[in-house]
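Below, each chain spelled out in residue letters.
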Amino acid sequence: MSRSGDREVRGADRVRSVSPHDPSDVVGEWPESSGKDVEAAVTAARRILPAWRRAPAPERAALLEAAARRLEGAAEEVAELTVREVGKPLTEARAEVARTVAILRYYAQAALDPEGQTLPAADGRSWLLARRRPRGVVALITPWNFPLAIPAWKLAPALAWGNVAILKPAPEATACALRLASCLELPPGVLQVLPGGAGTGRMLPGHPGIDAVSFTGSVAVGRAVAGAAAAAGQAVQAEMGGQNPVIVLPDADPERAAEPIAQAAMAFAGQKCTATRRVIVVGPADRFREALVEAVRALPVGDPRREETVVGPVISEGSRGRVLEAVEQARAEGGRVLTGGGIPPEAGWYVAPTLVEGVGERARLAAEEVFGPVCAVLPARDVDHAVRLANGTRYGLVAAVHTDDLALAMEVADRLEAGMVRVNAPTTGVDFHAPFGGVKASGFGPREQGRAADEFYRVSTTITLSPGG
Ligand code: NAD
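Anyway, here's the lowdown on the structure attached to this text. Throughout this document, residue positions are counted from 1 along each chain, in the order its sequence is written. Thresholds applied to this predicted model are a pLDDT of at least 70 for local features of residues and 80 or more for the giving and counting of side-chain atom pairs; totals over whole chains, interfaces and linings are not thresholded and use all residues. Only heavy atoms go into the side-chain values, all of them from the structure, while hydrogens and water stay out.

Turning our eyes to something else, we now look at the nonpolar core. Take the buried residues of types Ala, Val, Leu, Ile, Met, Phe, Trp, Tyr and Cys, join any two whose side-chain atoms come within 4.5 Å, and each joined set is a nonpolar core. Only protein chains enter the accessibility calculation, which uses a 1.4 Å probe. A residue is then buried if its area is under 20% of the maximum for its type, exposed if over 50%, and partly exposed in between. With 88 residues, the main nonpolar core has Tyr107, Leu159 and Leu191 as its most contacted residues. Among the elements that take part in this core, helix H4 (residues 90-110) stands out by supplying 10 residues, more than any other. Counting residues in each nonpolar core, the second largest holds 60 residues, with Leu249, Ala257, Ala285 and Val296 among its members. Secondary structure is summarised from DSSP: a helix means a run of H or I of at least four residues, a strand means a run of E of at least two, and numbering begins at the N terminus for each.

Turning our eyes to something else, we now look at unusual backbone geometry. The phi torsion at Phe268 lies on the positive side, around 50°, for a residue other than glycine. Looking at where Phe268 falls in the secondary structure, it is placed in the loop between helix H9 (254-266) and strand S12 (276-282). Positive phi is not limited to glycine here, since Asn424 has a value of about 55°. Within the fold, Asn424 resides in the loop between strand S17 (420-423) and strand S18 (443-444).

Only rings of Phe, Tyr and Trp enter the pairing, Trp through its six-membered ring, and a pair is recorded when the two centres are within 6.5 Å. The plane angle decides the type: under 30 degrees is stacked, over 60 is edge-to-face, the rest tilted. For the structure on display, the rule yields 7 aromatic pairs. Here, a charge over a ring is recorded when the distance from Lys NZ or Arg CZ to the ring centre is within 6 Å and its angle to the ring normal is within 35 degrees. Above the plane of the ring of Phe146 lies Lys88, whose end atom (NZ or CZ) is 3.7 Å from the centre. We note Arg135 situated over the ring of Phe456; from NZ or CZ to the ring centre the distance is 5.7 Å.

Here the focus is the side chain of His207. Tracing the sequence through the fold places His207 in the loop between helix H7 (198-202) and strand S9 (212-216). On the basis of relative accessibility, which here comes to 11%, the residue His207 falls in the buried class. A polar contact is formed between the side chain of His207 and the backbone nitrogen of Gly209, at a distance of 2.9 Å. Polar contacts here mean pairs of N or O atoms no more than 3.5 Å apart (in protein, one a potential hydrogen donor and the other a potential acceptor; neighbouring residues in sequence count only if both atoms are side-chain atoms).

It is worth spelling out the pairing of S17 at this point. Residues Met420 and Arg422 of S17 are buried on one face, while the alternating residues Val421 and Val423, pointing to the opposite face, are not. Pairing geometry for strand S16 (residues 398-402) and S17, over 4 bridges, is parallel. Across the sheet, Val398 pairs through a bridge with Met420, a residue of S17. The path from the first strand over the helix to the second decides the hand: if it runs clockwise while the strands point away from the viewer, the crossover is right-handed. Handedness of the β-α-β unit built from S16, helix H14 (residues 406-415) and S17 comes out right-handed. Whether two strands pair comes down to DSSP finding at least two bridges between them.

Salt bridge criterion: a side-chain nitrogen from Lys or Arg within 4 Å of a carboxyl oxygen from Asp or Glu. Scanning the model with the defined rule gives 31 salt bridges in all. One salt bridge connects Arg94 with Glu307, and the closest N-O pair in it is separated by 2.6 Å. Within this pair, whereas Arg94 is found in helix H4, its partner Glu307 is found in the loop between helix H10 (286-297) and helix H11 (317-332), the two being separated by 213 residues in sequence. Residue Arg94 is classed as partly exposed on the basis of its relative accessible area of 30%. Residue Glu307 is classed as partly exposed on the basis of its relative accessible area of 46%. Between Glu417 and Lys440 there is a salt bridge; the shortest N-O distance is 2.7 Å.

In structure tokens:
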């Protein structure tokens, strides 16, 4: 068995994805892409690159628009596949399909964006152009938790702006990646999917036939990928984990703040990079703590196929083990479990939504990303203390503050070390057309999403056109 954690890479050369709700349900099994497959993919990509980058932009736009229409037409089927393969609750899975359609449409239009700038030339006669051109062959390495949206927000800008793409999806989400790719009817070699785990992924950064690597996943893997790519002179971006704080200031209405915070911490079993992991309560915490516990207990847990479910299973048995172990460690270190802490009766890989208080800021639950429905509640003496706690981890993806005091909200927002700051809004649910990414250990390289993606998927060439003489 080849292992990447407890990933679903089984046997010497098979990738298997199973439903986290019903682990006896095998969603699919594929040969793991070998070194030979990687070579073949890179060769095919390089062969088609010159034609694709010269294809008229309206053609590329039309192909992405057609893909959006195909996905839209299959929305319910693809949402159900997402529920089955990664355990994402149906309502959220539907929203992810809709978001993916929107991403494809958005980049279909972006294909027609200006290709650069014209600048005044020093000699007053020449034309000086900064022309945006595609990077070339880009490798996209993606996680399982947004099995459609993340591959889409990488491949759509890549293709729109004339790159060709090799997608290495997470093994746990292989069926979703293949289904998404099937919506893109493109010339052979323009978009290739390589099913596989860490072994396949490792072959891409640093490969001499690849020009750029875009990664989303954990910090440890992201750093290895960024290191290997940079050492080979490849452009690289890596979006990684978070340990996202929300600060609740004393003037915030406890009931109004508690509900969105509970959702942001626990929906999809806390398996979002933007999930709230730490709730920092300034001043007397009793009323807010009560409201939060109540809001978490009210979240419907169970079968992700049901529309009303908010908290489904975690992705794997190993993942469940890691979450429970972190809770046990917190207990052993003096933490108090306010709610949850155990395993609900469902057959799949479920963990009850869990709130823990009384852990120190250096405790694992407070300092490190535990990818599941678990969240630490931390008291803060005052605003300065809260900001220090919020900024006190190595992560910096997203942070939020709840208050009715606009001046204070602005001050705190300005002091938070995070790529994204939300005021009176959940840490989750960032708009698809706005720049997305973290600071510190959470992000490396240019931002993703929206027009910000141009910084990564194109590079400018400065061209001087002189009349001569
Ligand atoms: P992961 O890091 O284990 O895997 C991500 C991808 O990298 C997978 O495709 C995996 O097969 C591949 N991979 C594993 N080892 C590799 C190696 N040595 N070289 C190359 N590729 C390798 O992450 P995951 O468990 O799939 O996803 C969960 C993590 O992703 C969490 O940490 C979460 O916070 C993070 N995440 C971040 C964002 C973001 O935009 N910041 C979004 C979603 C998820």
